[in-house]
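One letter stands for each residue in the lines below.
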Amino acid sequence: MKNNTSIKKVGGFLLGFGGLMAAASPTFAVDLDYGMDDSFFSIKYNGYVRTTVGVLLQDSKETAADDKWRMSQARATVNVDWDIKTGPLNWRVVTRVEHEHKTDYLEDLSERMDKQHAVLEGALGGVTDNRGTYGRYGTEGSFMDQYETTDEIMDIVREIYFDWQITDRLFARIGRQQLVWGESDFFQAMDVVHGYDFRQRLFYENNEEWRKPLFLLNFVYEVHEWDGMFNFYIRPGLDRAVDMGSNYNIEGGRWIPTPYRGVDFTQVTDAYNEDHNKGDWDDWTYGIRWNGRWGSAGYSFSYMKTFNPAPVINPNLRLNAGGDLADFGSYYGVGDSDTGFRALSGMPVDQALEGYGDGYTGNKLLGEWLYPEIDVFGFTVNYFSMAMDSTLSAEVAFIPNKPYNYGQLQSDLPGWGGIKEKDTLNVMLRIDKEFKWQEILGTHRPSLSSVQLFDTWIINRKKSDEIVEFASFGEQKSEHTVYLTLFTLLNYTRDTINPSLVVGTDLTNGGGFVIPAVEFVWGNDWRLKVEADLWWNDGDRKKVCGKAENNASEPSAVGDLGVSGCDKTVGDDLLGVRENDASFMDWFARDNQLVFKLTRQF
């Protein structure tokens, strides 16, 4: 059994890396002077060096050790932004290098992944390709490659584009960049031009940190007569496959929802199909937006062709069609209604899969992950109300035929019945207000607070649709799913001590999160942020099945996967106890943790 991480180890990592940051600071003060006219050529840069440490506050149950007080993350980041002028073109280059230490906790997760491969080898006898994306038997690299910059140049160069003022009305930004459309912070409605990488740290980071840049031809045309502008972009399909879609930790890392940490779904699924006729990553995507003002209100109308923000599972046809996987057994949730996937009772396969071609027929056991193309029609408005002394914002996004997973709710893998399309309306309402709490709370200036309400409305949703939020979790998605979030920021001693609080709750299904934090500022360069990421739920979380056992150092074809002794009538050692109640906030049960960020800006 691994020893728990001591506070000395956490402090040592922060202080040790902090010392390196301080020692390196003279190199950040170099003055790049080439003796040329700044109006023609110049180089400026800024950036930061940061170390991030995450410490678990609860035992996760997927490992043999007691995970409380163990480090789940020990990360170092160097980010440098370059601004370069070359005649009429203004270049922006954003570079980032990241490295993570493989903590004892991550080592346990990778061992569980290795044991999964060994058990599959023994069970399948090499019938199918069960190498995952990462891990000892990975096809893409080591377990840690999902968390850090690799040796590919475009992993280090996050953004590289140039700005060109073509005429007094027409502006162009060409290259690998981020394009933000929308008003919402936590649950993106219109901000779906890009995918996000949620594997490093889900849900808590600034969107700019985890958004995946794309190569875009981005144009703005000013229409002064109408007090507005057209913004239109084209993505000509020049991006790498890894730049597309949002990455959720389906490889079994620290941010896959409980109880699947250490369970690599890419050993039994293809992740991701880049060429499916419903979501071919070589296809061009594009969008157009009118952004204007009407009196004191700002508004926008937009349309975009993009990819669904979250992947959906396209199940292997043989699971549902009674083929040669139908009797594989309850271990993977296939079979009869008591032990796994229900038979389709003669329903045509193309009807079950709702028009997604012939479904998956590849060599992975369970299926493939897809990012189907979608259309998004959007409207935003913001207005400063003198009466309320507040800024009011709204965002509406209509998505016809949005894909969802559905079916098999009584199985080990709910939602793996196929893909169903439903018209969906996302609505966000927000109010931002500054409160003068100087006398009450002792702050030195007014404090910003924001309340946001977000509703996902599945139009004409029926209970018989059996739609789930995400494949493998059994709570049916309601017609309306409503989240409420609150953010407030306080500032003390001239912005050198800055406490903040973020609270969110699922008004439809229950549960929520609270993130108290405080940032300390020293001069212009140093920042230390300490936060607690805390979740609550109503007990509907999906649970591991059986009892945690000692993880052997070498995987065995007959060894357990870190949990064993599951009653097959209620679940599976690998996939957990069957349930029909786990919704979004329940996915992160037992994920409470502390996070420390030490940053040296330059």
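Procedures and definitions
- Residues numbered from 1 in each chain as written.
- Predicted model: local features only at pLDDT ≥ 70, side-chain atom pairs only at ≥ 80, totals over all residues.
- Heavy atoms only, no water.
- Phe/Tyr/Trp six-rings, centres within 6.5 Å; stacked < 30°, edge-to-face > 60°.
- Helix = DSSP H or I, 4+ residues; strand = E, 2+ residues; numbered from the N terminus.
- Buried < 20%, exposed > 50% of the residue type's maximum accessible area, 1.4 Å probe, protein only.
- Patch = residues over 30% accessible without salt bridge, like charges linked within 9 Å, V, L, I, M, F, W, Y side chains within 5 Å.
- Areas by Shrake-Rupley, 256 points an atom, 1.4 Å probe, with all protein chains shown as cover.
- Salt bridge = Lys/Arg side-chain N within 4 Å of Asp/Glu carboxyl O.
- Pairing = 2+ DSSP bridges.
- 1 Å grid on protein atoms, 1.4 Å probe; cavity = no way out; pocket = protein on both sides within 12 Å on 5 of 7 lines; lining within 4 Å.
- Points joined across faces, edges and corners; volume = space filled by probe spheres on them.
- Nonpolar A, V, L, I, M, F, W, Y, C, P; charged D, E, K, R; others polar.

(A) Layout of the packing of aromatic side chains. In this structure the tally under the stated criterion is 36 aromatic pairs. Ring centres 5.8 Å apart and planes at 75° place the aromatic pair Tyr260 and Phe473 in the edge-to-face group. Taken together, the positions of Tyr260 in the loop between β7 (228-235) and β8 (269-270) and Phe473 in the loop between β18 (447-458) and β19 (480-489) put the pair 213 residues apart, joining distant regions of the chain. A single burial state applies to Tyr260 and to Phe473, both of which are buried. Note on Tyr299 and Phe301: the rings are 5.9 Å apart at their centroids and 70° apart in plane angle, and the pair reads as edge-to-face. Accessibility expressed as a relative area gives 46% for Phe301, which makes it partly exposed.

(B) How the structure looks around a nonpolar patch on the surface. Taken together, the side chains of Leu429, Val451, Leu453, Leu484, Leu486 and Leu507 define a hydrophobic patch exposed on the protein surface, amounting to about 450 Å² of accessible area. Those elements that place two or more of their residues in the nonpolar patch are β18 and β19. Structurally, Leu486 can be placed in strand β19. Owing to a relative accessible area of 35%, Leu486 belongs among the partly exposed residues under this scheme.

(C) View of the sheet that holds β8. Across the sheet, three strands lie side by side as β8-β14-β13; this open sheet has mixed pairing. Pairing within the sheet leaves two strands with one partner each, and these edge strands are β8 and β13 (312-315). In this sheet, strand β14 (residues 367-370) lies alongside β13 in antiparallel orientation, the contact comprising four bridges. Along β14, the bridge assignment pairs Val312 with Leu370.

(D) Looking closely at the pairing of strand β12 (residues 297-307). Counting buried positions along β12 gives nine out of 11 residues, so the element sits mostly inside the fold. Across nine bridges, the pairing between strand β11 (residues 285-294) and β12 is antiparallel. Bridging from a neighbouring strand, Arg293 pairs with Gly298 of β12. Counting the residues that bridge the hairpin from β11 to β12 gives two residues, and of these Gly295 lies at a positive phi of roughly 65°. Note: β12 against strand β15 (residues 373-385), 11 bridges, orientation antiparallel. Across the sheet, Tyr303 pairs through a bridge with Phe377, a residue of β15.

(E) Examining empty space enclosed by the protein more closely. For the structure shown, the criterion picks out four cavities of 30 Å³ or more. For the largest cavity, the calculated volume is near 100 Å³. Around the largest cavity sit 15 residues that line it, and Val193, His194, Gly195, Gly245 and Phe307 are the ones nearest its centre. Taken together, the residues of the lining of the largest cavity break down into six nonpolar, seven polar and two charged. Space inside the second largest cavity adds up to approximately 40 Å³. As for the second largest cavity, its lining consists of Glu469, Glu475, Gln476, Lys477, Ser478, Thr481, Asn509 and Ser583. Its residues placed into classes, the lining of the second largest cavity shows no nonpolar, five polar and three charged.

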